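Structural overview
Take a look at the letters that make up each chain.
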Amino acid sequence: MARIIVVTSGKGGVGKTTSSAAISAGLAKLGHKTVVIDFDIGLRNLDLIMGCERRVVYDFVNVINGDANLNQALIRDKRVEQLYILPASQTRDKDALTRDGVEKVLNDLATMGFEYIICDSPAGIETGALMALYFADEAIVTTNPEVSSVRDSDRILGILSSKSRRAEQSEEPIREHLLLTRYSPERVNRGDMLSVQDVQEILAIPLLGVIPESQAVLKASNAGEPVILDEDSDAGQAYADTVARLLGEERDFRFLEEGKKGFFSRLFGS
């Protein structure tokens, strides 16, 4: 049975699409047949992060409207064998998504043998975001260690517990995970950023991953490649740890402490 996982947040620009791409690629690398769906109708970015924008012919809305089938719309990743992308439409608005249409697509994907369906949600609580979380079994709540971002994520937790199908049908609640992105121990030590412990105290959900502030993320995005494929980078390693924890493995959290500077770094202040 497919696990439907929404990657969500209350605030834009916190790294949801980067995280959706990395987590889906990580799952597929480990042999799990995985599809990642872009729910940001009208403002699609997932295909850019995945480096497949020129291969988009049909999209999510085309499938819902019956203009194409899933086999026509799904894009198979060229780097990771078990990874597929279902892009969003750039020309429709959010109302193009219907609950019945989304449910049918998710059911058809499960029938096709996908083990993981990753839903890349737009920020906030508009139609696309509500559609992305409605059918979820699990939610990865993505936030930066900043007060406004954490506050908005707290609001999303309230919506997950009240507006999902599981909530409406009084089923077992959506399993919630915390993903902390753009984390800088140096800024935490200066008092410019919330610590991991601060965020956990506010949101009170299990910590899945901590992704360090890293130039590797921007480099990977510009190259159209999920950063998890950059196995030598700190961000790539942190996402690999995150995927392992998602699959039930216990791993220590890395990149939480400020690195010690060498003699020349201290001498020249770099």
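Please read these numbers as outputs of a predicted model, since none were measured by experiment. (Residues numbered from 1 in each chain as written. Predicted model: local features only at pLDDT ≥ 70, side-chain atom pairs only at ≥ 80, totals over all residues. Heavy atoms only, no water.)

Per the counting criterion, the structure on display carries 0 disulfides. Unpaired in this structure, Cys52 has its nearest cysteine sulfur neighbour in Cys119, at a distance of 16 Å. Overall, Cys52 belongs to the buried group, its relative accessible area being 3%. The class of Cys119 is buried, set by a relative accessible area of 1%. (Disulfide = S-S within 2.5 Å. Buried < 20%, exposed > 50% of the residue type's maximum accessible area, 1.4 Å probe, protein only.)

Let's shift gears to the packing of aromatic side chains. Counting across every chain of the model gives 3 aromatic pairs. Ring centres of Phe39 and Phe60 lie 5.1 Å apart, and the angle between their planes is 80 degrees; on these two criteria the pair is classed as edge-to-face. Of this pair, Phe39 sits in the loop between strand S2 (34–38) and helix H2 (46–49) while Phe60 sits in helix H3 (residues 60–65), and the two are 21 residues apart along the sequence. When its relative accessible area of 0% is taken as the criterion, Phe39 is described as buried. Phe60 gets classed as buried once you look at its relative accessible area, which sits at 0%. Between Tyr134 and Phe135 the ring centres are 4.8 Å apart and the planes differ by 85 degrees, which places this aromatic pair in the edge-to-face class. The exposure classification of Tyr134 matches that of Phe135, with both residues buried. Sitting above the plane of the Phe114 ring, Lys33 keeps its charged end 4.7 Å from the centroid. (Phe/Tyr/Trp six-rings, centres within 6.5 Å; stacked < 30°, edge-to-face > 60°. Helix = DSSP H or I, 4+ residues; strand = E, 2+ residues; numbered from the N terminus. Lys NZ or Arg CZ within 6 Å of the ring centre and 35° of its normal.)

Looking now at the UniProt feature "binding site: ATP" (unreviewed entry) in the protein chain. Here the UniProt-annotated "binding site: ATP" (unreviewed entry) positions come out as Lys11, Gly12, Gly13, Val14, Gly15, Lys16, Thr17 and Thr18. Overall, the relative accessible area of 42% leaves Gly12 in the partly exposed class. When you line up the elements, Thr18 lands in helix H1 (residues 16–29). Overall, Thr18 belongs to the buried group, its relative accessible area being 15%. (UniProt positions renumbered as here; feature names shortened; annotations may be inferred.)

Ile37, Phe39, Phe60, Val102, Leu109 and Ile117 are the most contacted members of the largest nonpolar core, which totals 52 residues. Of all the elements, helix H7 (residues 147–160) adds the most residues to this core, at 5 residues. The contacts of Phe60, once residues within four sequence positions are left out, are Ile37, Asp38, Phe39, Ile41, Leu86, Pro87, Ala88, Leu97, Val102 and Val105. In this structure, Ile49, Val56, Ile75 and Val243 belong to the second largest nonpolar core, which totals 34 residues. (Core = buried A, V, L, I, M, F, W, Y, C linked by side-chain atoms within 4.5 Å. Contact = heavy atoms within 4.5 Å.)

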